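As a plain string of letters, each chain reads:
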Amino acid sequence: MDLRRWLSLAVDSVEDWQSSYPPFAPHPCLEVSEANFKAAFETFAGRMRGNYPYFHPSYAGQMLKPPHPAAVAGYVAAMLVNPNNHALDGGKITSELEKEVVAELASMFGFLTHLGHLTTSGTIANLEALYVARELHPGLGVAFSAEAHYTHERMCGLLGVPATAIRTDDRGRLDLDALDETLATGQIGTVVATAGTTGLGAIDPVHDVLAVARKHGVRVHVDAAYGGFFTLLAGGEGSAGLDPLPWRAIADCDSVVVDPHKHGLQPYGCGAVLFSDPAVGRFYAHDSPYTYFTSGDLHLGEISLECSRAGAAAAALWLTFKVLPPTREGLGQVLAAGRNAALDWWSLLAKSDVLKGYQPPDLDIVSYYPVTEPASLAAIGQSADRILVSGMTDPQRPVFVSTLTVTADEFRRRHPRVIMDREHTKILRSVLMKPESATYVRWLHTRLEELAG
Ligand SMILES: *Cc1c(COP(=O)(O)O)cnc(C)c1O
């Protein structure tokens, strides 16, 4: 895998295509001298060195990693053309590529019919799903778990839709009795199930949520922005196999969101929303005088709240899926490595005297906290903060994790013997989304033990 060579392949292919048109000279106003560019680039590169090392397995803080080289080459090759997937005229070929990758995502989730498109982010993808939810059930509200991404509450506010948070169980999953009670009020039109919460990676029981929702005539949207690609491992052999029931139930839900820029090896700017009923496209109808739809084929701008979107994002995902398809043997292996890493770390935590597991990982996110004397929320939170900072500021062997704020009630339900002297505390959290984490778990664990001890 040679990024340098793949990038020159990308640039060559574009220049070759351009040279099939009559030559012309670039305008002098765009001219920049080599020296001028070099000086600017040097400053820029210097600034960029200040980043945390998202590429390195010692970085297990947030949901960050570099894109796959195939995605970079595809993105660059398309970006040099710079198509806009708003309309077929501006994104002639990349709109086709987008429809193809969206169909692949739909079949990954088992959708028999679908309407969908890429978005700039999971936030916008969820906004689109909630917008359709409002149009289909005007006047009714949206329910989601207390551990759902904060975007749902915010977007409900934006859309003027009443939002209801439902309590979670002792594994951070939507509580079904509470859901049933809320839906029985008749005030909810759509429930959001999260397949992989952002904090702990917990998977709501989508199959049970679906059954409760259908009983009340309520729609189901699945926010699988983070976890979606884990469906490739559902029901698989070995330790990386996930309970298939929640994942298989997505096929019967009304909409789903997945972020290729999280677990699909893409650069930022790539989310996706899929609806099972193509007829929802009617809610996007518009006929503005300045669009330039020149054919009867589907222009993606006709089914999207966003207008201009990077055709390059579709190209990058398309090329990535060509070399690492969304199958268990392809992209699934990338996810399996991270999940196995999380399970390995969990078993190391069980034997530790200085660190204790918070809740077993459902995906590739590990949660844990320092053993303190006294074993109180105040002491745990202080120690977690100190470990976070001393890890990331160590000049020799830095390590990057994150903290997660949890309530005393949530803590008590998992670890009842800890002294509840605060309403909240912070625990430690590690996201093992790089497959290289698998060979680095022992190092990470030992390093965190040193910092905790
Ligand atoms: C990341 C995430 C979002 C937000 O997506 P962005 O791509 O960051 O805008 C929404 N829901 C869940 C579950 C997420 O993990």
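The coordinates are above.
Described below are features of the structure shown in this document. (Residues numbered from 1 in each chain as written. Predicted model: local features only at pLDDT ≥ 70, side-chain atom pairs only at ≥ 80, totals over all residues. Heavy atoms only, no water.)

Structural notes on the sheet that holds strand E3 (residues 163-166)
Rules: For two strands to count as paired, DSSP must find a minimum of two bridges between them. Comment: elements are numbered from the N terminus, with helices defined as DSSP H or I runs of at least four residues and strands as E runs of at least two. Lines fitted to C-alpha atoms define the axes here, with helix axes fitted over just the stretch in contact, and angles between the N-to-C directions of these axes take values from 0 to 180 degrees. The contact criterion used throughout is that any non-hydrogen atoms of two residues lie within 4.5 Å.
Judged by pairing direction, the sheet is mixed, and its seven strands sit side by side in the order E1-E7-E6-E5-E4-E2-E3 without closing on themselves. For this open sheet the edge positions go to strand E1 (115-119) and E3, each flanked by a neighbour on one side alone. Within the sheet, the average angular offset between the axes of one strand and its neighbour, ignoring direction, is 20°. Bridging between strand E2 (residues 141-145) and E3 involves four bridges; their strand directions are parallel. Note on E3: the bridge partner recorded for Val142 is Ala163. Each of E1, strand E6 (255-258) and strand E7 (271-275) is contacted by helix H4 (residues 92-108), which is oriented at about 110° to E1, the strand it contacts most. Relative to the sheet, helix H5 (residues 122-136) contacts E1, E2, strand E4 (188-194), strand E5 (219-223), E6 and E7, its axis offset from that of E7 by approximately 25°.

Things to note about the pattern of salt bridges
Going by this rule: Any Lys or Arg side-chain nitrogen found within 4 Å of a carboxyl oxygen on Asp or Glu counts as a salt bridge. Buried means the residue's accessible area, taken with a 1.4 Å probe over protein chains only, is under 20% of the maximum for its type, while exposed means over 50%, and partly exposed covers the values in between.
With the rule as written, the count across this model stands at 15 salt bridges. A salt bridge links Asp2 to Arg5; the shortest N-O distance between them is 3.4 Å. The class of Arg5 is exposed, set by a relative accessible area of 53%. Of the charged contacts in the structure, one is a salt bridge between Arg309 and Glu98, with a shortest N-O distance of 3.0 Å. Placement of the pair is Arg309 in the loop between E7 and helix H11 (311-323) and Glu98 in helix H4, with a sequence separation of 211 residues.

Looking at the nonpolar core
Operational definition: Working definition of a nonpolar core: buried Ala, Val, Leu, Ile, Met, Phe, Trp, Tyr and Cys residues. They are joined through side-chain atoms within 4.5 Å. Domain ranges listed in this record stem from an automatic or a database domain assignment.
Formed by 57 residues in total, the largest nonpolar core has its most connected members in Leu105, Leu118, Val222 and Trp247. Looking at which domains feed residues into this core, each of domain 1 (77-323) and domain 2 (331-452) gives three or more. When sequence neighbours within four positions are dropped, the list of residues in contact with Trp247 reads Ala195, Ile203, Gly227, Gly228, Phe230, Thr231, Ala234, Leu242 and Leu363. Grouped together as the second largest cluster of nonpolar side chains are 24 residues, Met155, Val192, Phe283 and Ile303 included.

Topic: the packing of helix H7 (residues 176-184) against helix H8 (residues 206-215)
What counts is decided by this rule: Working definition: roughly parallel below 35 degrees, roughly antiparallel above 145 degrees, roughly perpendicular at 65 to 115 degrees, and oblique for all remaining angles. Here a crossing is called left-handed whenever its near helix is offset anticlockwise from the far helix by less than a right angle, and right-handed whenever the offset is clockwise. Polar here means any residue outside two lists: the nonpolar Ala, Val, Leu, Ile, Met, Phe, Trp, Tyr, Cys and Pro, and the charged Asp, Glu, Lys and Arg; Gly therefore counts as polar.
Running from N to C, H7 and H8 cross one another at 20°; their axes reach a closest spacing of 10 Å. Judged by the inter-axis angle, H7 sits roughly parallel to H8. Considering how the two elements wind past one another, H7 and H8 form a crossing that is right-handed. Within the contact between the two elements, H7 uses Leu176, Leu179, Asp180 and Leu183 and H8 uses Asp208, Val209, Val212, Ala213 and Lys215. Of the residues belonging to the contact of H7 with H8, the class tally is six nonpolar, no polar and three charged.

Thoughts on the packing of aromatic side chains
Applied cut-off: Side-chain rings of Phe, Tyr and Trp, where Trp is taken by its six-membered ring, are said to pair if the distance between their centres is within 6.5 Å; with planes under 30 degrees apart they count as stacked, over 60 as edge-to-face, and otherwise as tilted.
This structure, assessed with the given rule, holds twelve aromatic pairs. Ring centres of Tyr131 and Tyr284 lie 5.8 Å apart, and the angle between their planes is 65°; this geometry places the pair in the edge-to-face category. Of this pair, Tyr131 sits in helix H5 while Tyr284 sits in the loop between E7 and H11, and the two are 153 residues apart along the sequence. Tyr284 carries the same exposure label as Tyr131, and that label is buried. Geometrically, the ring pair formed by Tyr369 and Phe411 is edge-to-face, given 4.9 Å between the ring centres and 65° between the ring planes. Of this pair, Tyr369 sits in strand E9 (residues 365-370) while Phe411 sits in helix H14 (residues 408-414); the two residues are 42 residues apart in sequence, bridging distant segments of the chain. Note on accessibility: Tyr369 and Phe411 belong to one class, buried. Put simply, the rings of Tyr52, Tyr54, Tyr59 and Phe400 pair up and form one aromatic cluster.

With respect to the site of the ligand
What counts here: Summary of the distance rule: residues count as near a molecule or strand when at least one heavy atom falls within 4 Å of that molecule or strand. Polar contact criterion, stated in full: a pair of N or O atoms within 3.5 Å, where within protein one must be able to donate a hydrogen and the other to accept it, and residues adjacent in sequence count only if both atoms are side-chain atoms. To measure how exposed things are, a 1.4 Å probe is used in the Shrake-Rupley method; for residues, cover is taken only from the protein chains shown.
Taken together, the neighbourhood of the ligand is formed by 13 residues, with Thr123, Asp223, Asp259, His261 and Lys262 sitting nearest. Separating an oxygen atom of the ligand from a backbone N or O atom of Gly122 is a distance of 2.8 Å. In this structure, Thr123 approaches the ligand through a side-chain N or O atom, which is 2.5 Å from an oxygen atom. About the coverage of the ligand: the protein hides 88% of its 380 Å² of free accessible area. Elements that contribute at least two residues to the shell around the ligand include exactly H5 and helix H10 (260-263). Sort the elements by how many residues they give to the shell around the ligand and H5 lands first, with three residues. Considered class by class, the residues forming the shell around the ligand number two nonpolar, eight polar and three charged.

Focus on helix H15 (residues 441-452)
Applied cut-off: Helices are assigned an expected span. That span is 1.5 Å times one less than the residue count.
Between the first and last C-alpha of H15 there are 16 Å, a value that for twelve residues agrees with the 16 Å anticipated at 1.5 Å per step. Turning to H15, the residues buried within the fold contact helix H12 (331-350), strand E8 (355-359), E9 and helix H13 (377-393).

A word on the packing of helix H3 (residues 69-81) against H11
The description of two helices packed together rests on the angle between their axes and the distance between the axes. Interaxial distance between H3 and H11 falls to 7 Å at its minimum, and their mutual angle equals 145°. Classified by chirality, the crossing of H11 by H3 is right-handed. Between H3 and H11, the residues in contact are Ala70, Ala71, Ala73, Gly74, Tyr75, Ala78 and Met79 and Ala312, Ala313, Ala315, Ala316, Leu319, Thr320 and Val323, respectively. Of the residues in the contact of H3 with H11, the class split is twelve nonpolar, two polar and no charged.

Description of H13
In this model H13 runs 24 Å from its N-terminal to its C-terminal C-alpha over 17 residues, within 8% of the 24 Å that 1.5 Å per residue would give. Of all the residues in H13, the buried ones are Leu377, Ala378, Ala379, Ile380, Gly381, Ser383, Ala384, Ile387, Leu388 and Gly391. The inward-facing, buried residues of H13 abut E9, strand E10 (402-407), H14, strand E11 (424-431) and H15.

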